Amino acid sequence: MPGPGKIALSRFSYDLPQERIAQFPLERRDESRLLVYRNGIITGDLFTRIDHYLPEGALLVFNDTRVIHARLQFKKPGGAGIEIFCLEPLDPPDFQLAFRAKEFCRWKCLVGNLKRWKGGDLVLENLSDGKIINLTATRTEDLGDGCHAIAFTWDPPELPFLSVLETIGQVPLPPYIHRPAEAGDDQRYQTIYAKNNGSVAAPTAGLHFTPEVLSRLEAKGSLFEKVTLHVGLGTFRPVTVPDISEHMMHAEQIIVKKKTIETLYNNPERPVIAVGTTSVRTLESLYWLGVKLTEGKTGTLAEVGQWDPYLTSGNSGISLKQSLGHLLEYLERNDLDALTGSTRLMIVPGYSYKVTSGLITNFHMPQSTLLLLVAALIGNDWEKAYRYALDHSYRFLSYGDSCLFFKNIG
């Protein structure tokens, strides 16, 4: 399969001491530290002052996905614990339909301690507001790559599945946070603008924003738009191969309103600042969906392939304005108010950014696809930025500190 060529993952490693991984969030979201990188220059500040570093009139794009209680802890009669981690719905295949489902639904899941689940059903019982909820899980199919199809039934059957998850499930904190989820995580592992249920991990760059920060940015002339990418296995799946071209991305659903595409189309002079790597992948996927339309490949409009940008035909010089224009025509022609599709897009060094001029993000794991995305934006200076953060005691990963990276010019 065509790709970006050989890229050794070892080039994107660094030593991350365990004590630098934040285990708890700060009490106030915007008191996290901020590292700013622009054309080789690094400065440090607090996130609450990010308005001093963003250009006037910037267009900030947020991912408004909402984290669900995706982690279910079952126990076999003998006491063995089995964790079922809900990734994405299979039946019905749409997130919102699956969350509204009553009595039955089927999900693609990761299963922890699978070797202890030889067969039969698992039952999880929970007492909530004086009422008992029983959730039954049945393994129906091995989907490969460590994933399994799990059928769920529950009692009382009139409850929508989302209510069952939110009552019985747990906040899916990442595995590098070495503690159980607490009540405070329900609020802190969620952005203040989270709206659309579907993520199994938070778009953590957005965790730093407060109403006060947004108000100051608005006063500076910033525009805000929201996209939706439901964070799934494609974002957090670790890379286990030495050559990144052999890593396979999983598809993740994206939803972009027509209004957002119109804002991008009508404001070509505004710098686009993506809040989080998921917003970056959604924005860049928009461009490649428009390229598919421009090239007459309407049959594949619904998904951006992992290596689409690295194909010769994908570098045909189609402008962002042309691409977005074709998307708007497509929405008009089909009487749609939002573009819904999926993306497997993998951004690695050598990728040419089409939409994004700046990125607000957290510090990422060594040898991760997210770190490669950052390296594609600022080149080898990612090492310089991360060394600065380590030398100056920044906190890393989901509950850690923040960065503002501007795309290198020249």
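A. Looking closely at the overall build of the protein chain. Of regular secondary structure, the protein chain possesses ten helices and 18 strands. Relative to the globule expectation of 22 Å for 410 residues, the C-alpha radius of gyration of the protein chain, 21 Å, shows essentially globular dimensions. Each principal axis of the C-alpha distribution contributes one length, and for the protein chain these read about 65 × 50 × 45 Å. A burial count over the protein chain gives 54% of its 410 residues as buried. Partitioning the intrachain contacts of the protein chain with sequence separation of at least 6 by distance along the chain shows that 75% fall at a separation of at least 24. In the form shown here, the protein chain has an accessible surface area of approximately 17400 Å², with 51% of it arising from carbon and sulfur atoms.

B. Highlighting the nonpolar core. By size, the foremost hydrophobic cluster in this structure holds 80 residues, and its most contacted members are L35, Y189, W382, F396 and F405. Residues in contact with L35, not counting those within four places in the same chain, are I42, T43, F363, A385, Y388, A389, Y394, S402, C403, L404 and F405. If you look at the next biggest cluster of nonpolar residues, it comprises 34 residues, including I68, L72, C86 and F99.

C. Summary view of the pairing of strand β12 (residues 223-229). Examined bridge by bridge, strand β3 (residues 59-63) and β12 share five bridges and lie parallel to one another. Across the sheet, L60 pairs through a bridge with F224, a residue of β12. With two bridges connecting them, β12 and strand β13 (residues 252-257) associate as antiparallel partners. Counted as the bridge partner of L229 is I254 from β13.

D. Region of the structure containing the packing of helix α6 (residues 258-266) against helix α8 (residues 320-333). One can describe the packing of α6 onto α8 by two numbers: an axis separation of 10 Å at closest approach and a directional angle of 150°. In terms of axis orientation, α6 runs roughly antiparallel to α8. As α6 runs across α8, the sense of the crossing is left-handed. Across the interface between the two elements, K258, I261, E262, L264 and Y265 of α6 pack against K321, L324, G325, L328, L331 and E332 of α8. Its residues placed into classes, the contact of α6 with α8 shows six nonpolar, one polar and four charged.

E. Expanded view of unusual backbone geometry. Here the bond from D91 into P92 is cis, since omega is -5°, no more than 30 degrees from zero. By secondary structure assignment, the location of P92 is in the loop between β6 (81-91) and α1 (95-100). With an omega of 10°, the peptide bond between D155 and P156 qualifies as cis. In this model, N113 sits at a positive phi of 65°, which is unusual for a non-glycine residue. Examined against the element boundaries, N113 turns out to sit in the loop between β7 (104-112) and β8 (122-128). For N113, a relative accessible area of 33% translates into the label partly exposed. Within the chain, D145 stands out as a residue other than glycine whose phi angle is a positive 55°. Here D145 is to be found in the loop between β9 (131-144) and β10 (147-155).

F. Structural context of the layout of surface pockets. There is about 320 Å³ of room inside the second largest pocket. As for the second largest pocket, its lining consists of 18 residues, of which D64, N196, K226, T228 and K257 are closest to the centre. Sorting the residues of the lining of the second largest pocket by element identifies α1, β12, β13 and α6 as the ones contributing at least two each.

G. Molecular detail of the side chain of S402. Assignment of secondary structure puts S402 in strand β18 (residues 402-406). Overall, S402 belongs to the buried group, its relative accessible area being 0%. At a separation of 2.9 Å, a polar atom in the side chain of S402 contacts the main-chain carbonyl oxygen of R33. For S402, the residues in contact, after removing those within four places along its chain, are S32, R33, L34, L35, F47, H208, T361, N362, F363 and Y394.

H. Layout of the sheet that holds β9. Across the sheet, which stays open at both edges, the six strands sit in the order β5-β6-β7-β10-β9-β8 with antiparallel pairing between neighbours. The open sheet has two edge strands, β5 (71-75) and β8, and neither has a second partner. In this sheet, neighbouring strand axes are inclined to one another by 40° on average, regardless of whether the strands run parallel or antiparallel. Sheet topology places β5 next to β6; five bridges connect them, and they run antiparallel.

I. Structural detail: the side chain of H247. Relative to the helices and strands, H247 resides in the loop between α5 (233-236) and β13. A relative accessible area of 3% places H247 in the buried class. Ignoring sequence-local partners within four residues, the contact set of H247 consists of R237, P238, V239, V241, Q306, W307, M346 and T369.

Thresholds applied
Residues numbered from 1 in each chain as written. Predicted model: local features only at pLDDT ≥ 70, side-chain atom pairs only at ≥ 80, totals over all residues. Heavy atoms only, no water. Helix = DSSP H or I, 4+ residues; strand = E, 2+ residues; numbered from the N terminus. Rg over C-alpha atoms; globule rule 2.2 N^0.38 Å. Buried < 20%, exposed > 50% of the residue type's maximum accessible area, 1.4 Å probe, protein only. Contact = heavy atoms within 4.5 Å. Areas by Shrake-Rupley, 256 points an atom, 1.4 Å probe, with all protein chains shown as cover. Core = buried A, V, L, I, M, F, W, Y, C linked by side-chain atoms within 4.5 Å. Pairing = 2+ DSSP bridges. Axes fitted to C-alpha atoms, helices over the stretch in contact; angles between N-to-C directions. Parallel < 35°, antiparallel > 145°, perpendicular 65-115°, else oblique. Left-handed = near helix turned anticlockwise from the far one by under 90°. Nonpolar A, V, L, I, M, F, W, Y, C, P; charged D, E, K, R; others polar. 1 Å grid on protein atoms, 1.4 Å probe; cavity = no way out; pocket = protein on both sides within 12 Å on 5 of 7 lines; lining within 4 Å. Points joined across faces, edges and corners; volume = space filled by probe spheres on them. Polar contact = N/O pair within 3.5 Å; in protein donor to acceptor, adjacent residues only side chain to side chain.

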